[in-house]
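Here is what each chain is made of, one letter per residue.
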Amino acid sequence: MSERVAVKVLLLVGDQAEIVADADDAAEPVRYPAAEIATAVNLPEKHLPGTRLTAEVGPGDRLSGWQIA
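Worth saying up front: this structure is predicted, and the values here are computed from it rather than measured.

1. A short note on the pattern of salt bridges
Line of reasoning, step 1. Under the counting rule described, the total for this entry stands at three salt bridges.
Line of reasoning, step 2. Here Arg4 and Glu56 are joined by a salt bridge, their closest N and O atoms 3.4 Å apart. With a gap of 52 residues between them, Arg4 in strand E1 (residues 3-13) and Glu56 in strand E4 (residues 52-57) connect regions that are remote in the sequence.
Line of reasoning, step 3. Overall, the relative accessible area of 33% leaves Arg4 in the partly exposed class.
Line of reasoning, step 4. Its salt-bridge partner being Arg52, residue Asp22 comes within 2.5 Å of it at the nearest N-O pair.

Cut-offs and rules
Residues numbered from 1 in each chain as written. Predicted model: local features only at pLDDT ≥ 70, side-chain atom pairs only at ≥ 80, totals over all residues. Heavy atoms only, no water. Salt bridge = Lys/Arg side-chain N within 4 Å of Asp/Glu carboxyl O. Helix = DSSP H or I, 4+ residues; strand = E, 2+ residues; numbered from the N terminus. Buried < 20%, exposed > 50% of the residue type's maximum accessible area, 1.4 Å probe, protein only.

Structural data, given as structure tokens:
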């Protein structure tokens, strides 16, 4: 079974969304395609910044399976 983590979309940089773990001790943000996330959560890309999500942690700690928290 995969682990789900809470994350937050900080901002958009071009076609990428900067994602950070939704925790006080979060590490550096990681970028993911904004279109992939927007499609998964059924939101326009411009509405992603500030959104709290959950995601599945996969191989190499890559996130997928985005859902609105």
